[in-house]
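A closer look at the structure
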Amino acid sequence: MDLIGSVRDFRVACEKARNGGFSVGFVPTMGALHGGHEALLRSAREECGFVAISIFVNPLQFTSAQDLATYPRSLKTDLATAEAHGVDAVFAPDEDEMYPGGPPEVFVDPGPLGDRLEGVSRPGHFRAVLTVVAKLLNMVGPSNAYFGEKDAQQLALVRRMVASLDFQVTVVACPTVRDPDGLALSSRNARLSTEQRRAAPVLFEALSDAATRVRQGERSADVLRAEIARLIGSERLGRIDYVAVVDDESWEEITTVQGPARALAAARFGDVRLIDNLALPTGQGPASMQNKDG
Ligand code: AMP
């Protein structure tokens, strides 16, 4: 496994793999690798001849200086994790390497979806995410790039960018990996106190409750949003940021669940902000097969 710090060397390593006839699988991350990242690596390893991972805490996508300062960093254990998953190349650049001379002058515009949901609390976040993902895809030239459903809005925006700008890559979505109590794995979970950690699964419980209601016949998105908010609100340590029920294609808020839909929620536990989402069953066939998030 090669540990690479320069854009040039990373480009060369990926090019060499492609020229050698290998399909290249790419997993972009911010490090502090956990079971969610590992699932992405596993898929990439199964499906591709050469696997590259990037580990870069992109300062431009943080809207809170405190969040950036406290974001967990653990390169040494991350390298061991990558090695254990048979990764071929780890790209871990510093900020100057990614942004020589400071932030770029040209950014990728995520369009209107970039300003909604996560974009409300984190203005400019998706513009910075898409820009760094575009840079990385241009360095790697992968056949497949792997993203988690955990960050569903990010995944949707990456898909839109790839379609709009004709990137030659297949975006592969991986289901959300959760702790046994339902909490979606996240690098930020490490910052929860014991009490907050005990409270945090309420996000998943509220979203699962909405999925159950749909399975039982509820079709009103207003009722679902209200119930999700009520459940999260019943947890003393959680403060809701937003609750949404959207069409899974257009990402517009819906009034009635009649096709593929997704429930999303964001809440703060102390100063740790967590997000989660769940595909809602569409009511056409066994729910267990439709709820891609399991
Ligand atoms: P991050 O390091 O947080 O930027 O995440 C890197 C990639 O891992 C993104 O595509 C995330 O959606 C994905 N990811 C993070 N947490 C999970 C999870 N619990 N399950 C599946 N994928 C995840």
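Source: prediction; values computed, not measured. Sequence order as written defines the numbering, with residues in each chain counted from 1. Restriction of local features to residues with pLDDT of at least 70 applies here, the model being predicted, together with a cutoff of 80 or more for giving and counting side-chain atom pairs; totals for whole chains, interfaces and linings are based on all residues. Hydrogens and waters are ignored; side-chain quantities use all the structure's heavy atoms.

1. Structural notes on the pairing of strand β3 (residues 50-55)
Regular strands place side chains that alternate from one sheet face to the opposite one. This is how the line gets drawn: Exposure categories follow from relative accessible area, calculated using a 1.4 Å probe and restricted to protein chains: below 20% of the type maximum is buried, above 50% is exposed, and the middle band is partly exposed. Elements are defined by DSSP. Helices are runs of H or I of four residues or more, strands are runs of E of two residues or more, and each kind is numbered from the N terminus. Here, strands pair whenever DSSP counts at least two bridges between them. Seen with the strands pointing away from the viewer, any crossover whose path from the first strand over the helix to the second strand runs clockwise is right-handed.
In terms of burial, β3 is largely enclosed, as six of its six residues are buried. Judged by which residues are buried, β3 turns out to be covered on both faces: Phe50, Ala52 and Ser54 on one side and Val51, Ile53 and Ile55 on the other are all buried. For strand β2 (residues 24-29) and β3, the ladder comprises six bridges, and the chain directions are parallel. From the neighbouring strand, Val24 faces β3, where its bridge partner is Phe50. Following the backbone out of β2, through helix α2 (residues 35-47) and into the adjacent parallel β3, one traces a crossover that is right-handed. In terms of strand pairing, β3 meets strand β4 (residues 89-91) through three bridges, oriented parallel. Considered in β4, the bridge of Ser54 is made with Phe91.

2. Focus: the site of the ligand
The cut-off we apply is this: Put simply, a residue is near a molecule or strand once any heavy atom of it comes within 4 Å of that molecule or strand. For the purposes of these results, a polar contact is taken to be a pair of N or O atoms within 3.5 Å, where, inside protein, one atom must be able to donate a hydrogen and its partner to accept one; residues adjacent in sequence count only when each atom of the pair is a side-chain atom. Values of accessible area rely on a 1.4 Å probe in the Shrake-Rupley scheme; residue burial ignores everything except the protein chains shown. Note that Gly is not counted as nonpolar here; it falls among the polar residues with everything else outside the nonpolar set of Ala, Val, Leu, Ile, Met, Phe, Trp, Tyr, Cys and Pro and the charged set of Asp, Glu, Lys and Arg.
Lining the immediate environment of the ligand, one finds 17 residues, of which Met30, His37, Asp151, Val177 and Leu185 sit closest. Interatomic distance of 2.9 Å between a backbone N/O atom of Met30 and an oxygen atom of the ligand. Contact with the protein chains hides 92% of the accessible area of the ligand, taken as 490 Å² for the molecule alone. Secondary structure elements with two or more residues in the shell around the ligand: β2, α2 and β5 (144-148). Of the residues forming the shell around the ligand, the biggest block, three residues, is contributed by α2. Taken together, the residues that form the shell around the ligand break down as eight nonpolar, seven polar and two charged.

3. Let's talk about the pairing of strand β9 (residues 272-280)
Where burial is concerned, most of β9 is hidden: nine out of the nine residues are buried. Across the two faces of β9 the burial is the same, with Val272, Leu274, Asp276, Leu278 and Leu280 and Arg273, Ile275, Asn277 and Ala279 all buried. The pairing of strand β8 (residues 261-269) with β9 spans nine bridges and is classified as antiparallel. Considered in β9, the bridge of Leu264 is made with Asn277.

4. Considerations on helix α7 (residues 125-140)
Definition in use: To estimate the expected span of a helix, subtract one from its residue number and multiply by 1.5 Å.
For α7, which comprises 16 residues, the first-to-last C-alpha distance of 23 Å matches the rise-based estimate of 22 Å (1.5 Å per residue) to within 8%. Across the 16 residues that make up α7, a large majority, 13, are buried. Remark: Gly141 follows α7 within two positions and exhibits a positive phi of approximately 60°.

5. Considering the pattern of salt bridges
In a structure, side chains of opposite charge can pair up when their charged atoms sit close to one another. Test applied: In what follows, salt bridge is the name for a side-chain nitrogen of Lys or Arg lying within 4 Å of a carboxyl oxygen of Asp or Glu.
Scanning the entire structure with this criterion turns up 21 salt bridges. Among the ionic pairs, Arg8 bridges to Asp9, the shortest N-O distance being 3.7 Å. For Asp9, a relative accessible area of 41% gives the class partly exposed. With a shortest N-O distance of 2.7 Å, Asp241 and Arg273 are connected by a salt bridge. Placement of Asp241 in strand β7 (residues 238-247) and of Arg273 in strand β9 is noted, with a sequence separation of 32 residues between them.

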